[in-house]
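# Summary of structural features
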Amino acid sequence: MANRKRNKRIVIQVTDEERNLILDRVKYFGFSDMSAYMRKMAIDVTVVNVNTDGLKELATQVSRIGNNINQLVRLYHQDQNLSPYDVKQIIKNQQEIVSLINLKYDELSIVKNRSEVED
């Protein structure tokens, strides 16, 4: 495509700040000019929208579980004794953390390949 005669024009409007950001990227990535950079980005770059809903809730849940584990560890250091129940709670909390993170990771890992632009 590099040697094609380009006879169609696409015009976009940007702010001064946006133009400066684009020019910085043109230089950073070593393009000869803005047109070459814009063509490359428009044709070859795939945009992936990742749904991050639920990450804040996951972080809150993991934090609460971590607090529970910390309380049990503090109890151990104070008494030098953990009951079998306490050990089970630590293991249960760690398993819950892993399950929550794996569930959210699986949700975020679903990336759809798209070869055409969607409406």
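Residues numbered from 1 in each chain as written. Predicted model: local features only at pLDDT ≥ 70, side-chain atom pairs only at ≥ 80, totals over all residues. Heavy atoms only, no water.

### Describing a nonpolar patch on the surface
- Where nonpolar side chains cluster on the molecular surface, the patch consists of Ile 10, Ile 12 and Val 14 and spans about 330 Å² of accessible area.
- Following the sequence through the fold, Ile 12 ends up in the segment before helix H1 (16-28). (Patch = residues over 30% accessible without salt bridge, like charges linked within 9 Å, V, L, I, M, F, W, Y side chains within 5 Å. Areas by Shrake-Rupley, 256 points an atom, 1.4 Å probe, with all protein chains shown as cover. Salt bridge = Lys/Arg side-chain N within 4 Å of Asp/Glu carboxyl O. Helix = DSSP H or I, 4+ residues; strand = E, 2+ residues; numbered from the N terminus.)

### Notes on the pattern of salt bridges
- What the rule picks out here adds up to one salt bridge.
- For Asp 44, the salt bridge is made with Lys 40, and the minimal N-O distance between the two is 2.7 Å. A residue pair is termed a helical-turn pair when its members lie 3 or 4 positions apart in one helix, as Asp 44 and Lys 40 do in helix H2 (residues 34-44) at four residues.
- Asp 44 sits in the partly exposed class, given a relative accessible area of 46%. (Buried < 20%, exposed > 50% of the residue type's maximum accessible area, 1.4 Å probe, protein only.)

### Brief notes about the nonpolar core
- Leu 58, Ile 65, Ile 69, Ile 97 and Leu 100 together form the largest nonpolar core, which totals five residues.
- When contributions to this core are tallied by element, the ones reaching two or more residues are helix H3 (55-79) and helix H4 (84-109).
- It is H3 that contributes the most residues to this core, three residues altogether.
- Setting aside its immediate chain neighbours within four residues, Ile 97 contacts Val 62, Ile 65, Gly 66 and Ile 69. (Core = buried A, V, L, I, M, F, W, Y, C linked by side-chain atoms within 4.5 Å. Contact = heavy atoms within 4.5 Å.)

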